[in-house]
Amino acid sequence: VARERLDGSGINYPPQLPNERGDRAEKWMSLLISVIFRRVGFSSVLLNRGLLEATWSIVYGSSFGIIIVSLTQLALRACLLSEEIHHCPARYPDYKTAAMRAFDMNIKTALSIGISCIIIVLGTIIIRENPVVYVWNMGPLPNMMIYVASFCFSYLIRMEESTLNTSLQIMKLNSLDYGSGMAYNFFYGYLRLVLSVHEVGTTSKGIVGRIETYINKNNLIRENDPLYKAFPIKKLFILIPKNLFTPTDLKEVSRDNPNDGTKCWMEAAPSLESEILDRAGVKQRVYKNSVYKIRDPNNENDTYTYVVAEGATPLKTLWDVIKMNPKMSAIFKKHQEEIVSAFYKTLLEILNDSDECRGLCEVIYYVDTDKNNKKVNVAKIILQRIEELERKQER
């Protein structure tokens, strides 16, 4: 059993549980750099240079090596930026923000590059010799060792770190990133249980069965009224707003103009019957799905369209983290677009790969604010998607 230490300094893990990684790799890397520097200094002494000049050769050569590695990093970032500028304004509000995220660096990297530049400039003034020629004259072996040491040093200070680099790493984690993890938890911990007819419990009907029960119970079948659209699409609509926030009642984001008090397009109706399951030691856990009625308040001839709709709760939780946890809010906010995008794509893949849930859930990923930063009418977005699905069914 893992136990937190009494003094709060950490956690004691038994051998069978994974412990926190230490700094052994950094220590060995530092030892390697030290050995390389001593070898370079020794080579300088063998070339009939004094101890002072040998020390200067190490400092000057190391600074030159750091500059070369940093220039390589900057060139790589410029190449990466050439792709990112094509993702404005989807991922970045403007080109300036894209460039800042590509070229930002941690304080260790900035200090190392700044100090190295100062040493190179002052050294060039003192020795009055081209730095490339000076380092080249140290010999091929010292040259190679200097660049190896500089590369190892760049690893120690995490020279490659940038907001863009982190975002790219997130996308390369093969569903191990935070957004994909939320999608898997959301599906297997919730969606699968409310969408499909599973074996746990004899009252399980799945989303389609519970919608049909709702229609019969509330007498929503009107064959003589062609405009009456009670549940034209028998699916669960999951809303994924780009900015994460979904209100407690979708009615709040169903106005044409949210600032002038216009009438709402949506209103809550009684929920579907609950799924009651035993899960992870919790007895009789209740799972509910909300029903909403959508109607254009400006059209007297319009009739209600019933839908089962809700926001993606993991993203609402992420929104709470960003708003309430100052320690993590800056990090999550920088990579918010990547996290939400990964959540959406992974959730679609899971639903499409699931034989029991395929076709039972409609995921809507949308821009939830207009160019004036006003909330869009989510009711119109849902109705538009319903029309698209109805046309698809008619084909």
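Going by what an unreviewed UniProt entry lists, the protein is known as Stimulator of interferon genes protein and is assigned to Diploptera punctata. Under the Subcellular location (unreviewed entry) heading, UniProt states for the protein: "Membrane".

Novice: Looking at this model, I keep getting lost on the side chain of Thr346. Mind explaining?
Specialist: Of note, Thr346 is situated in helix α12 (residues 336-353). The exposure class assigned to Thr346 is buried, which follows from its relative accessible area of 5%. Aside from chain neighbours lying at most four places away, what touches Thr346 is Ser180, Ala183 and Tyr184.

Novice: I'm lost on the nonpolar core in this one. Help?
Specialist: The tendency in soluble globular proteins is for nonpolar side chains to be buried side by side. The biggest cluster of nonpolar side chains holds 42 residues, and the ones touching the most others in it are Leu191, Leu195, Phe231, Phe343 and Leu347. Only α8 (178-195), α9 (206-217), β3 (236-241), β8 (305-311), α10 (313-324), α12 and β9 (361-366) provide two or more residues apiece to this core. Counting residues per element, this core draws most heavily on α8, which supplies nine residues. Leaving out residues up to four positions away in the same chain, Leu347 has contacts with Ala183, Phe186, Phe187, Leu191 and Val363.

Novice: I'm lost on the sheet that holds β9 in this one. Help?
Specialist: Pairing between the strands of a sheet is mediated by backbone hydrogen bonds and can be parallel or antiparallel. Taken in spatial order, the five strands line up as β4-β7-β8-β3-β9 in an open sheet, and their pairing is mixed. Two strands close off the open sheet at either side, each with one partner strand: β4 (266-269) and β9. Sheet twist, expressed as the mean angle between neighbouring strand axes with direction ignored, is 40 degrees. Of the strand pairs in this sheet, β4 and strand β7 (residues 291-294) are connected by four bridges, and their pairing is antiparallel. Counted as the bridge partner of Ala269 is Val291 from β7. Across the sheet, α9 is in contact with β3, β4, β7 and β8; its angle to β8 comes to roughly 135 degrees.

Novice: Please clarify how the UniProt feature "domain: STING transmembrane" (unreviewed entry) in the protein should be interpreted in this entry.
Specialist: Look at the UniProt record and you will see "domain: STING transmembrane" (unreviewed entry) annotated at residues 65-164. End-to-end, the C-alpha atoms of residues 65-164 are 24 Å apart, and along that stretch the chain is 75% helix and 0% strand.

Novice: So what exactly am I meant to see when it comes to the UniProt feature "transmembrane region" (unreviewed entry) in the protein here?
Specialist: As annotated by UniProt and renumbered to match this structure, "transmembrane region" (unreviewed entry) occupies residues 109-127 and 133-157. End C-alpha atoms of residues 109-127 are separated by 27 Å, and the span's content is 100% helix alongside 0% strand. Between the end C-alpha atoms of residues 133-157 the distance is 28 Å, and the span holds 84% helix and 0% strand.

What counts, and where the lines are drawn
- Residues numbered from 1 in each chain as written.
- Predicted model: local features only at pLDDT ≥ 70, side-chain atom pairs only at ≥ 80, totals over all residues.
- Heavy atoms only, no water.
- UniProt positions renumbered as here; feature names shortened; annotations may be inferred.
- Helix = DSSP H or I, 4+ residues; strand = E, 2+ residues; numbered from the N terminus.
- Buried < 20%, exposed > 50% of the residue type's maximum accessible area, 1.4 Å probe, protein only.
- Contact = heavy atoms within 4.5 Å.
- Core = buried A, V, L, I, M, F, W, Y, C linked by side-chain atoms within 4.5 Å.
- Pairing = 2+ DSSP bridges.
- Axes fitted to C-alpha atoms, helices over the stretch in contact; angles between N-to-C directions.

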